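Next come the chains, spelled out residue by residue.
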Amino acid sequence: MTFKTADLCDEFSEHLQIAEQGLRNFGGKKSFSGKIVTLKLFEDNSLVREALENDGTGQVLVVDGGASLRCALLGDILAGKAVKNNWDGIIINGCIRDSADIVLMDIGVKALATHPLKSVKKGAGESGVPVTFSGVIFRPGEFIYADEDGVIVSSKKLI
């Protein structure tokens, strides 16, 4: 499926939420879309691992990591699981690591920054709840479209 967020904005802007800039591209796939799956957590990527071990066909994992810049919530091992389980993309309000490896993988990844330290693993957090960051409310089951120009969210499938 080929799309440009700019074209989708031209056609559907009154029905979209458009994320504020700040998320950087890290994955090998620069354009990705799918149904939103959400996690809300802080400096603990246990739920990220759990989610990415499931079939992600047609889905994008949106992780509100509280904008922490003190550790990474995704690295090459979890990104590899995401590719293996057919996730279309991952968007993290936080950091990733192993960026040189992730950029070679066939998955879209957007995050705030990189950080070499891994997160703790305590199993804390919530899944399947609306999360808010970058000026957007990401609701489970809604649709996300991301490319080099930005991230947009729609309550209905656009393409």
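Here the structure is a predicted model, which means the values were calculated and not measured.

Brief notes about the pairing of strand 4 (residues 59-64)
Piece 1. Of all six residues that make up strand 4, five are buried, and the element is covered over most of its length.
Piece 2. Relative to strand 4, strand 3 (residues 32-40) is paired through six bridges, and the arrangement is parallel. What sits directly across from T38, in strand 4, is V62.
Piece 3. In this fold, the crossover linking strand 3 to strand 4 by way of helix 2 (residues 46-52) has right-handed handedness.
Piece 4. Sheet topology places strand 4 next to strand 6 (residues 89-96); five bridges connect them, and they run parallel.

Here we look at the packing of aromatic side chains
Piece 1. With the rule as written, the count across this model stands at two aromatic pairs.
Piece 2. Between F3 and Y145, the aromatic rings sit 5.6 Å apart at their centres with planes inclined by 85 degrees, giving edge-to-face as the arrangement. Of this pair, F3 sits in the segment before helix 1 (5-12) while Y145 sits in strand 11 (residues 143-147); the two residues are 142 residues apart in sequence, bridging distant segments of the chain. Taken individually, F3 and Y145 each receive the classification buried, so the pair is uniform in this respect.

Looking at helix 1
Think of an α-helix as turning once every 3.6 residues; residues three or four places apart then point the same way.
Piece 1. Of all the residues in helix 1, the buried ones are T5, L8, C9 and F12. Seen end-on, helix 1 carries its buried residues on one side only, within an arc spanning 100 degrees. Exposed positions of helix 1 whose direction lies more than 90 degrees from the buried face are D10 and E11.

Reading guide: rules and limits
- Residues numbered from 1 in each chain as written.
- Predicted model: local features only at pLDDT ≥ 70, side-chain atom pairs only at ≥ 80, totals over all residues.
- Heavy atoms only, no water.
- Buried < 20%, exposed > 50% of the residue type's maximum accessible area, 1.4 Å probe, protein only.
- Helix = DSSP H or I, 4+ residues; strand = E, 2+ residues; numbered from the N terminus.
- Pairing = 2+ DSSP bridges.
- Right-handed = clockwise from strand over helix to strand, strands pointing away.
- Phe/Tyr/Trp six-rings, centres within 6.5 Å; stacked < 30°, edge-to-face > 60°.
- Arc of directions from axis to C-beta.

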